[in-house]
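# Observations on the three-dimensional arrangement
Given next are the chains, with one letter for each unit.
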Amino acid sequence: MTPRQRLDELGIELPEVAVPLASYVPAVRTGDYVYTSGQLPMVDGKLVATGKVGEKLTAEEAAGLAGICALNALAAAASAAGGVDNIVRIVKVVGFVASAPDFTGQPQVINGASDLLGKVFAETGGHARSAVGVAVLPLDAPVEVELIAEVR
C-alpha cells in the first residue's frame, strides 16, 4: 500500500504547505533527501493552541498537536519530493516541546508525530528521533516538529 493509499484509508488529507513565518522555505531537497523546516500545529493558517506543556496543556493534548505538526511537515516534504508517494522512508524526526520547568514527558509528546508517521509509512516510517524540551517556541506554540525524509 502506498503512503497516499494509507492516508486515504486513515481519512487524512494532506494540508496545504504552511506559509513560512520568517526568512526560510518549508522544505529543501538535496539529492535523495528532503529536510523540512520546523512545523507548528497550524490548521487552516491558524495556530491550534498555545502555552507550555505541563502547565496549560497535558502531554496527551500536546501529542495530538505533535501529530498535526508531523502532518504539516509531511505536506512540506511531499511538496519538495513531487508527491507523498515519492517519499520512501522517514529518516529522522526532531520535536521541540515548550515545557513547564518540571515537565519531563517530551518523548511521550513527540510520540504523536512518530505514531502518525508510522501509520502512514508502516515499516518505512520507523525513524531516528530527538525530543527536546525548550522554554518557548515561535508564536508561543506548544510543539514544533521537523523531519528528514529519503525520497526517490
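Values in this document were obtained by computation on a predicted structure and should not be read as measured data.

Another point: the pairing of strand E2 (residues 33-36). Only one face of E2 is covered, namely the face carrying Val-34 and Thr-36; the face carrying Tyr-33 and Tyr-35 is uncovered. Here four bridges tie strand E1 (residues 27-30) to E2, and the two strands are oriented antiparallel to one another. If you follow Arg-29 over to E2, its bridge partner there is Val-34. With antiparallel pairing between neighbouring strands as the criterion, E1 and E2 make up a hairpin whose turn holds two residues, including Gly-31 at a positive phi of roughly 60 degrees. The pairing of E2 with strand E7 (residues 143-151) spans three bridges and is antiparallel. Residue pairing for E7: Val-34 is matched across the bridge by Ala-149.

Closest axis-to-axis distance for the helix H1 (residues 3-10)/helix H3 (residues 106-121) pair is 7 Å, and the angle between their directions is 115 degrees. It follows from the interaxial angle that H1 and H3 lie roughly perpendicular. Counting all contacts with H1, which are made through Pro-3, Arg-6, Leu-7 and Leu-10, the residues of H3 involved are Lys-119, Val-120 and Phe-121. Tallied by class, residues from the contact of H1 with H3 come to five nonpolar, no polar and two charged.

To continue, consider the sheet that holds strand E5 (residues 87-98). Taken in spatial order, the five strands line up as E1-E2-E7-E5-E6 in an open sheet, and their pairing is mixed. Of all the strands in the sheet, just E1 and strand E6 (128-134) have a single pairing partner and so form its edges. Across this sheet, the average inter-strand angle for adjacent strands is 15 degrees, counted without regard to direction. Bridging between E5 and E7 involves nine bridges; their strand directions are antiparallel. Directly across from Lys-92, in E7, lies its bridge partner Ile-148. Running over the sheet, helix H2 (residues 59-81) touches E1, E2, E5 and E7 and is turned about 35 degrees from E7.

This brings us to the side chain of His-127. As for its position among the elements, His-127 is in the loop between H3 and E6. Among the polar contacts made by the side chain of His-127, one reaches the main-chain carbonyl oxygen of Gly-125 at a distance of 2.6 Å. Not counting residues within four places of it along the chain, the set of residues in contact with His-127 comprises Ile-90, Val-91, Lys-92, Val-93, Ser-114 and Leu-117.

So, on to a nonpolar patch on the surface. A grouping of Leu-21, Tyr-24 and Leu-139 is seen on the molecular surface, where their side chains present a nonpolar patch of about 280 Å² in accessible area. Considering the arrangement of structural elements, one finds Tyr-24 in the loop between H1 and E1.

What follows deals with the UniProt feature "domain: Endoribonuclease L-PSP/chorismate mutase-like" (unreviewed entry) in the protein chain. Taking the UniProt record as the reference, the feature "domain: Endoribonuclease L-PSP/chorismate mutase-like" (unreviewed entry) is found at residues 6-150. Annotated as residues 6-150, this span is 30% helix and 27% strand, and its ends, taken at the C-alpha atoms, are 18 Å apart.

By the secondary structure assignment, Val-132 is in strand E6. With 124 residues separating them along the chain, Val-132 and Asp-8 place their C-alpha atoms 31 Å apart. Those residues in contact with Val-132, other than ones at most four positions away along the chain, are Gly-95, Phe-96, Val-97 and Gln-106.

Scoring rules and cut-offs
- Residue numbers restart at each chain and count upward from 1, following the sequence in its written direction.
- Residue-level local features of this predicted model are given only where pLDDT is at least 70; pairs of side-chain atoms are given and counted only at 80 or more, and the full residue set underlies all totals for whole chains, interfaces and linings.
- Side-chain figures throughout are based on the complete set of non-hydrogen atoms in the structure, without hydrogens or water.
- Burial here depends on accessible area, computed with a 1.4 Å probe over protein chains only, as a share of the maximum for the residue type. Under 20% is buried, over 50% is exposed, and the range in between is partly exposed.
- Under the DSSP-based scheme used, a helix requires at least four consecutive residues in state H or I and a strand at least two consecutive residues in state E, with every element numbered from the N terminus.
- The pairing criterion for strands is at least two bridges between them, as found by DSSP.
- To get an axis, fit a line to the C-alpha atoms, keeping to the stretch in contact for a helix; angles then go from 0 to 180 degrees between the N-to-C directions.
- Relative orientations are named as follows: roughly parallel for angles under 35 degrees, roughly antiparallel for angles over 145 degrees, roughly perpendicular for angles from 65 to 115 degrees, and oblique for any other angle.
- Whether two residues touch is decided by their heavy atoms; if any such pair falls within 4.5 Å, the residues are in contact.
- We call Asp, Glu, Lys and Arg charged. Ala, Val, Leu, Ile, Met, Phe, Trp, Tyr, Cys and Pro are nonpolar, and the rest, Gly among them, are polar.
- Counted as a polar contact is a pair of N or O atoms within 3.5 Å, where, for protein atoms, one must be capable of donating a hydrogen and the other of accepting one, and residues adjacent in sequence contribute only when both atoms are in side chains.
- Patches in this entry comprise residues that are over 30% relatively accessible and not in a salt bridge; like charges within 9 Å are linked, as are nonpolar side chains (Val, Leu, Ile, Met, Phe, Trp, Tyr) within 5 Å.
- Residue-level accessible areas treat just the shown protein chains as cover; the underlying method is Shrake-Rupley with a 1.4 Å probe.
- Take a side-chain nitrogen of Lys or Arg and a carboxyl oxygen of Asp or Glu: if they are within 4 Å of each other, that pair is a salt bridge.
- UniProt positions are given in the numbering used here, feature names are shortened, and annotations may be inferred rather than shown by experiment.

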